[in-house]
Amino acid sequence: MDTKELLKKVRKIEIKTRRLSDHIFGGEYHSTFKGRGMTFSEVRQYQFGDDVRNIDWNVTARYNEPFIKVFEEERELTMMLMVDISGSEFFGTEEQFKNEVVTEIAATLAFSATQNNDKIGLILFSDTIELYIPPKKGRSHVLRIIRELIEFKPQSKKTDFAEALKFLSSVMKKKAIVFVLSDFMTDDYLHTMKIAAKRHDMTGIRVYDKREEEMPNLGVVQMQDGETGELMLVNTSSKKVRLDYGKYYQNKVNYYKESFSKSGAGTIHCRVDESYVKKLLGYFKARA
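Residues numbered from 1 in each chain as written. Predicted model: local features only at pLDDT ≥ 70, side-chain atom pairs only at ≥ 80, totals over all residues. Heavy atoms only, no water.

Student: Quick one: what's the story with the side chain of Asp-201, residue by residue and with numbers?
Tutor: Its location among the elements puts Asp-201 in strand 7 (residues 201–208). Within polar-contact distance, the side chain of Asp-201 engages the side chain of Arg-287 at 2.8 Å. Excluding its chain neighbours within four sequence positions, the residues that come into contact with Asp-201 are Phe-33, Lys-175, Ala-176, Ile-177, Val-178 and Arg-287. (Helix = DSSP H or I, 4+ residues; strand = E, 2+ residues; numbered from the N terminus. Polar contact = N/O pair within 3.5 Å; in protein donor to acceptor, adjacent residues only side chain to side chain. Contact = heavy atoms within 4.5 Å.)

Student: I'd love a proper account of helix 3 (residues 98–115), names of residues and values included.
Tutor: Across its 18 residues, helix 3 extends 26 Å between first and last C-alpha, which sits within 8% of the 26 Å expected from 1.5 Å per residue. With 15 of 18 residues buried, helix 3 lies mostly within the body of the structure. Taken from the residues just after helix 3, Asn-117 is the one with a positive phi, measuring 65°. (Expected span 1.5 Å × (residues − 1). Buried < 20%, exposed > 50% of the residue type's maximum accessible area, 1.4 Å probe, protein only.)

Student: Explain the sheet that holds strand 10 (residues 266–271) residue by residue, including any values.
Tutor: Taken in spatial order, the six strands line up as 5-4-3-6-7-10 in an open sheet, and their pairing is mixed. Two strands in the sheet have a free side with no partner beyond their single neighbour: strand 5 (129–136) and strand 10. Neighbour to neighbour, the strand axes of the sheet diverge by 15° on average, direction disregarded. As paired elements, strand 6 (residues 177–182) and strand 7 share six bridges and run parallel to each other. Pairing of Phe-179 across the sheet is with Thr-203, part of strand 7. Sitting on the sheet, helix 8 (residues 239–262) is in contact with strand 7 and strand 10, with an inclination near 165° to strand 7. (Pairing = 2+ DSSP bridges. Axes fitted to C-alpha atoms, helices over the stretch in contact; angles between N-to-C directions.)

Student: Which residues make up the packing of helix 3 against helix 4 (residues 139–151), and what values go with them?
Tutor: Remark: helix 3 packs on helix 4, axes separated minimally by 10 Å, with the N-to-C direction vectors making an angle of 170°. Classed by the angle they form, the pair helix 3 and helix 4 counts as roughly antiparallel. Residues Thr-103, Ala-106, Ala-107, Ala-110, Phe-111 and Thr-114 of helix 3 lie in contact with helix 4, whose contacting residues are Arg-139, Val-142, Leu-143, Ile-146, Leu-149 and Ile-150. Classifying every residue of the contact of helix 3 with helix 4 by side-chain character gives nine nonpolar, two polar and one charged. (Parallel < 35°, antiparallel > 145°, perpendicular 65-115°, else oblique. Nonpolar A, V, L, I, M, F, W, Y, C, P; charged D, E, K, R; others polar.)

Student: Give me the nonpolar core: which residues, what numbers.
Tutor: One finds Leu-81, Val-83, Ile-105, Leu-109, Ile-146, Phe-179 and Ile-205 to be the most contacted residues of the largest nonpolar core, which totals 45 residues. Counting residues per element, this core draws most heavily on helix 3, which supplies nine residues. If near-sequence neighbours (up to four positions away) are discounted, Val-83 is found in contact with Val-102, Leu-122, Ile-123, Leu-124, Phe-125, Leu-149 and Leu-181. In this structure, Leu-165, Phe-184, Tyr-256 and Phe-260 belong to the second largest nonpolar core, which totals 22 residues. (Core = buried A, V, L, I, M, F, W, Y, C linked by side-chain atoms within 4.5 Å.)

Shown next, in the form of C-alpha cells:
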C-alpha cells in the first residue's frame, strides 16, 4: 500500500470513528470508566490562605483547632488496546474482513479515550508481541495507532493470547482500561487472564464472521488454515465433519466466555455484519 492510499484510508477511518466518539461514545465512555477529578488525600492543620470550604469540621471539633481536607488531582486513565493480528483475523465473507471491523472499533475507542484526555497504548500480538506502542495522549498518536492497525504485517500467523497477557502485565504496572480485540480462536489463557484482570479493567471484544459458526455443505473442497497455512481437502458433505467443526468452534467460544467471566472481565460479541456501535453502546450503558 503506497503512502497516499494509506493516508486516504486513515482519514476515512478517522472521519467515521471520530464522529461516533464525539457524538455517541464520549459521554458513555466517561461515565463508564470513571477516575478523573479530585480525590481525598489527607487532613492537615489549617494554614493562612487555605480555602475555608475545605475545612473538615469533624476533625476540627475533635482537636479544637481548624483542619482542612487535602485533595489531589486523580491521574488520568490509560487505555490499552490489545489487538490480535494472527492469520484468522484476515477472514470475511461479508463486506468487511474481521481485521477491518477490529480497526474501526479500536479507532472509535481510542478517540473516545482522547476526548476524555486519557492516554492510549497499543499491543499487536500473534503468538508473539508484534508491536508495542506505549500509552500517549493526542490525535496524532491515535492516527499513528490507526496507521499501524491498517498496514502492519505480522511476522507470525499463529495466536498465543497468554503470551500477550504476560507482556501486558510486564509493561503496565498501574491499572489500565484494557480492550482485547480478537476472534478468540485459541485457549489455555485462563490463568494469565485471571492475573491480568486483578490489576486491570478488562473487556474482550470477540469479532467473528457468521460463516465461521458452522461449516456449509459444499462437497469436497480445498481449505487453508489461516494460522498454519496448511492446505487440506475437506469433505463438507459429511455430517460428522460438520458436527466436529461445530463442536470445535463452540468450545473456543465457550472457553472465551468462561475465562473472561471467571476473571471478572467484560465481554462483547460482535459479528462483522452487525452494528458494533449498538454493541459498544449497550455494553457501556449496562456497565454505567
